[in-house]
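Listed below are the residues making up each chain.
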Amino acid sequence: MHALQAKILDPRIGTEFPLPQYATPGSAGLDLRAMLEQDIVIKPGETVLIPTGLSVYIGDPNLAALILPRSGMGHKHGIVLGNLVGLIDSDYQGPLMVSCWNRGQSEFTMPVGERLAQLVLVPVVQAHFEMVEEFVETERGAGGFGHSGTK
Ligand SMILES: O=c1ccn([C@H]2C[C@H](O)[C@@H](COP(=O)(O)OP(=O)(O)OP(=O)(O)O)O2)c(=O)[nH]1
Ligand SMILES: [Mg+2]
(Lines give C-alpha, C1' and ligand atoms only; values in the text may rest on other atoms or scores of the structure.)
(Ligands and ions follow the chains in the order given, each with its own letter.)
Protein backbone atom coordinates (compact mmCIF):
# COMPACT_ATOMS: atom_id res chain seq x y z
CA MET A 1 0.00 0.00 0.00
CA HIS A 2 1.27 3.48 -0.96
CA ALA A 3 2.02 6.14 1.68
CA LEU A 4 0.23 9.43 0.96
CA GLN A 5 1.34 12.53 2.87
CA ALA A 6 -1.65 14.30 4.41
CA LYS A 7 -2.35 17.22 6.73
CA ILE A 8 -5.41 17.50 8.89
CA LEU A 9 -6.87 20.98 8.44
CA ASP A 10 -10.02 20.40 10.44
CA PRO A 11 -9.50 18.97 13.94
CA ARG A 12 -12.80 17.10 13.74
CA ILE A 13 -11.05 14.74 11.28
CA GLY A 14 -9.41 11.97 13.26
CA THR A 15 -11.57 12.72 16.33
CA GLU A 16 -15.27 13.21 15.65
CA PHE A 17 -14.92 11.74 12.14
CA PRO A 18 -12.44 9.11 10.99
CA LEU A 19 -9.68 9.81 8.48
CA PRO A 20 -10.73 9.00 4.91
CA GLN A 21 -10.55 5.26 4.59
CA TYR A 22 -11.26 2.40 2.22
CA ALA A 23 -14.72 1.09 3.17
CA THR A 24 -13.65 -2.50 2.36
CA PRO A 25 -10.26 -4.14 1.69
CA GLY A 26 -10.92 -4.08 -2.06
CA SER A 27 -12.23 -0.51 -2.29
CA ALA A 28 -10.58 1.75 -4.87
CA GLY A 29 -11.65 5.01 -3.28
CA LEU A 30 -11.05 6.73 0.04
CA ASP A 31 -14.31 8.31 1.13
CA LEU A 32 -14.08 12.07 1.66
CA ARG A 33 -16.29 13.83 4.17
CA ALA A 34 -18.16 17.12 4.01
CA MET A 35 -16.43 19.12 6.75
CA LEU A 36 -19.06 21.83 6.96
CA GLU A 37 -19.74 24.14 9.93
CA GLN A 38 -23.37 23.04 9.79
CA ASP A 39 -25.67 20.95 7.62
CA ILE A 40 -26.42 22.75 4.37
CA VAL A 41 -29.32 22.58 1.95
CA ILE A 42 -28.24 22.30 -1.69
CA LYS A 43 -31.00 23.43 -4.00
CA PRO A 44 -31.67 21.76 -7.37
CA GLY A 45 -29.12 23.07 -9.86
CA GLU A 46 -26.92 24.60 -7.14
CA THR A 47 -23.15 23.98 -6.86
CA VAL A 48 -21.33 24.35 -3.55
CA LEU A 49 -17.60 24.08 -2.82
CA ILE A 50 -17.20 21.85 0.23
CA PRO A 51 -13.98 21.42 2.24
CA THR A 52 -12.86 17.91 3.18
CA GLY A 53 -10.78 19.11 6.13
CA LEU A 54 -7.65 17.62 4.67
CA SER A 55 -4.79 18.35 2.31
CA VAL A 56 -2.65 15.74 0.61
CA TYR A 57 0.71 15.99 -1.15
CA ILE A 58 1.19 13.24 -3.71
CA GLY A 59 4.72 14.32 -4.61
CA ASP A 60 5.29 11.86 -7.46
CA PRO A 61 4.53 13.22 -11.00
CA ASN A 62 3.74 9.66 -12.07
CA LEU A 63 0.72 9.69 -9.77
CA ALA A 64 -2.40 11.81 -9.45
CA ALA A 65 -5.63 11.55 -7.54
CA LEU A 66 -9.16 11.73 -8.88
CA ILE A 67 -12.14 12.92 -6.91
CA LEU A 68 -15.13 10.93 -8.10
CA PRO A 69 -18.79 10.92 -7.08
CA ARG A 70 -20.13 8.15 -4.88
CA SER A 71 -22.62 6.14 -6.89
CA GLY A 72 -25.28 6.14 -4.16
CA MET A 73 -25.13 9.92 -3.82
CA GLY A 74 -25.22 10.45 -7.56
CA HIS A 75 -27.89 7.93 -8.47
CA LYS A 76 -30.25 8.25 -5.50
CA HIS A 77 -29.87 11.92 -4.64
CA GLY A 78 -28.48 13.58 -7.79
CA ILE A 79 -25.43 14.74 -5.85
CA VAL A 80 -22.47 14.69 -8.23
CA LEU A 81 -19.46 16.93 -8.85
CA GLY A 82 -19.62 20.42 -10.34
CA ASN A 83 -16.44 19.63 -12.28
CA LEU A 84 -17.68 16.07 -13.06
CA VAL A 85 -14.26 14.73 -12.00
CA GLY A 86 -11.73 16.43 -9.73
CA LEU A 87 -8.09 16.05 -10.69
CA ILE A 88 -5.51 16.47 -7.92
CA ASP A 89 -2.06 17.29 -9.27
CA SER A 90 0.95 15.64 -7.69
CA ASP A 91 2.37 19.06 -6.72
CA TYR A 92 -0.86 20.40 -5.15
CA GLN A 93 -0.60 21.04 -1.43
CA GLY A 94 -3.74 23.04 -0.74
CA PRO A 95 -7.00 21.97 0.84
CA LEU A 96 -8.85 19.16 -0.88
CA MET A 97 -12.15 20.64 -1.96
CA VAL A 98 -15.19 18.97 -3.46
CA SER A 99 -17.38 20.84 -5.91
CA CYS A 100 -20.79 19.47 -5.12
CA TRP A 101 -23.57 19.82 -7.70
CA ASN A 102 -27.18 18.97 -7.08
CA ARG A 103 -28.17 17.88 -10.58
CA GLY A 104 -31.46 16.47 -9.24
CA GLN A 105 -34.98 17.89 -8.94
CA SER A 106 -35.18 18.14 -5.15
CA GLU A 107 -33.30 19.88 -2.37
CA PHE A 108 -30.64 17.78 -0.66
CA THR A 109 -29.49 18.33 2.89
CA MET A 110 -25.77 17.62 3.18
CA PRO A 111 -25.11 16.68 6.80
CA VAL A 112 -21.82 17.63 8.48
CA GLY A 113 -19.39 14.73 8.08
CA GLU A 114 -21.32 13.02 5.27
CA ARG A 115 -19.19 10.91 2.93
CA LEU A 116 -19.85 12.88 -0.24
CA ALA A 117 -17.17 11.78 -2.74
CA GLN A 118 -14.16 9.52 -3.05
CA LEU A 119 -10.46 9.95 -3.74
CA VAL A 120 -8.72 7.49 -6.06
CA LEU A 121 -4.95 7.46 -6.52
CA VAL A 122 -4.04 6.73 -10.16
CA PRO A 123 -0.86 6.29 -12.21
CA VAL A 124 0.01 9.05 -14.68
CA VAL A 125 2.30 8.97 -17.70
CA GLN A 126 3.57 12.45 -18.62
CA ALA A 127 4.43 12.93 -22.29
CA HIS A 128 6.35 15.38 -24.41
CA PHE A 129 5.32 15.97 -28.02
CA GLU A 130 7.38 14.28 -30.68
CA MET A 131 6.38 16.16 -33.86
CA VAL A 132 6.08 14.06 -37.04
CA GLU A 133 4.85 14.72 -40.60
CA GLU A 134 2.94 11.42 -40.90
CA PHE A 135 1.72 8.75 -38.47
CA VAL A 136 2.20 5.06 -39.22
CA GLU A 137 -1.07 3.96 -40.91
CA THR A 138 -3.66 2.12 -38.79
CA GLU A 139 -6.91 0.32 -39.62
CA ARG A 140 -8.92 3.10 -37.88
CA GLY A 141 -7.00 6.04 -39.24
CA ALA A 142 -8.90 9.26 -38.48
CA GLY A 143 -12.27 7.52 -38.01
CA GLY A 144 -13.91 8.21 -34.68
CA PHE A 145 -17.12 9.37 -32.99
CA GLY A 146 -19.11 6.26 -33.91
CA HIS A 147 -17.18 5.48 -37.07
CA SER A 148 -17.01 1.76 -36.19
CA GLY A 149 -20.82 1.48 -36.08
CA THR A 150 -23.19 0.46 -33.27
CA LYS A 151 -23.34 -3.33 -33.70
O1 LIG B 1 -12.18 18.72 -7.32
C2 LIG B 1 -11.08 19.28 -7.18
C3 LIG B 1 -10.28 19.63 -8.28
C4 LIG B 1 -9.07 20.28 -8.04
N5 LIG B 1 -8.67 20.54 -6.77
C6 LIG B 1 -7.37 21.16 -6.54
C7 LIG B 1 -6.23 20.17 -6.76
C8 LIG B 1 -5.74 20.47 -8.14
O9 LIG B 1 -4.36 20.13 -8.27
C10 LIG B 1 -5.97 21.97 -8.20
C11 LIG B 1 -6.12 22.47 -9.60
O12 LIG B 1 -7.13 21.74 -10.24
P13 LIG B 1 -7.31 21.81 -11.83
O14 LIG B 1 -5.98 21.76 -12.50
O15 LIG B 1 -8.32 20.80 -12.20
O16 LIG B 1 -8.00 23.24 -11.96
P17 LIG B 1 -7.61 24.47 -12.89
O18 LIG B 1 -8.88 25.18 -13.08
O19 LIG B 1 -6.82 24.01 -14.08
O20 LIG B 1 -6.70 25.32 -11.88
P21 LIG B 1 -5.12 25.58 -11.93
O22 LIG B 1 -4.95 26.68 -12.91
O23 LIG B 1 -4.80 25.95 -10.51
O24 LIG B 1 -4.45 24.30 -12.36
O25 LIG B 1 -7.18 22.20 -7.47
C26 LIG B 1 -9.45 20.18 -5.68
O27 LIG B 1 -9.11 20.39 -4.52
N28 LIG B 1 -10.64 19.56 -5.93
MG1 LIG C 1 -4.93 22.96 -13.92
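Residues numbered from 1 in each chain as written. Chains lettered and ligands numbered in written order. Predicted model: local features only at pLDDT ≥ 70, side-chain atom pairs only at ≥ 80, totals over all residues. Heavy atoms only, no water.

K.L.:
Help me understand the pattern of salt bridges in this model?
P.N.:
Here the idea is simple: oppositely charged side chains can pair when their charged atoms come close. The final tally for this structure, using the stated rule, is three salt bridges. D31 is the salt-bridge partner of R115, the closest N and O atoms lying 2.7 Å from each other. Residue R115 is located in strand β10 (residues 115–123), and its partner D31 is located in strand β2 (residues 30–33); the two are separated by 84 residues in the primary sequence. (Salt bridge = Lys/Arg side-chain N within 4 Å of Asp/Glu carboxyl O. Helix = DSSP H or I, 4+ residues; strand = E, 2+ residues; numbered from the N terminus.)

K.L.:
Whenever I open this one, the UniProt feature "binding site: substrate" (unreviewed entry) in the protein confuses me. Can you help?
P.N.:
According to UniProt, the feature "binding site: substrate" (unreviewed entry) maps to R70, S71, G72, N83, L87, I88 and D89 in the numbering used here. Taking the farthest pair of C-alpha atoms as the criterion, the annotated set spanning 20 residues is dispersed, since that pair is 26.3 Å apart. Mapped onto the elements, R70 comes out in the loop between β5 (63–69) and α1 (71–77). Owing to a relative accessible area of 21%, R70 belongs among the partly exposed residues under this scheme. Among residues more than four places away in sequence, those in contact with R70 are D31, R115, L116, A117 and Q118. As for its position among the elements, D89 is in the loop between β7 (86–88) and β8 (95–102). (UniProt positions renumbered as here; feature names shortened; annotations may be inferred. Buried < 20%, exposed > 50% of the residue type's maximum accessible area, 1.4 Å probe, protein only. Contact = heavy atoms within 4.5 Å.)

K.L.:
Explain the sheet that holds β8 here, please?
P.N.:
Sheets are built from strands that pair by backbone hydrogen bonding, the pairs being arranged parallel or antiparallel. If you walk across this open sheet you meet the four strands as β1-β4-β8-β6, and the pairing is antiparallel. Either end of the sheet is taken by a strand with one partner, and the two such strands are β1 (5–8) and β6 (79–81). Pairwise comparison of adjacent strand axes, ignoring direction, gives a mean angle of 45° for this sheet. Two strands pair when backbone bridges link them, and β1 and strand β4 (residues 47–57) are joined in this way by four bridges, in the antiparallel orientation. Across the sheet, residue Q5 finds its bridge partner in β4, namely Y57. (Pairing = 2+ DSSP bridges. Axes fitted to C-alpha atoms, helices over the stretch in contact; angles between N-to-C directions.)

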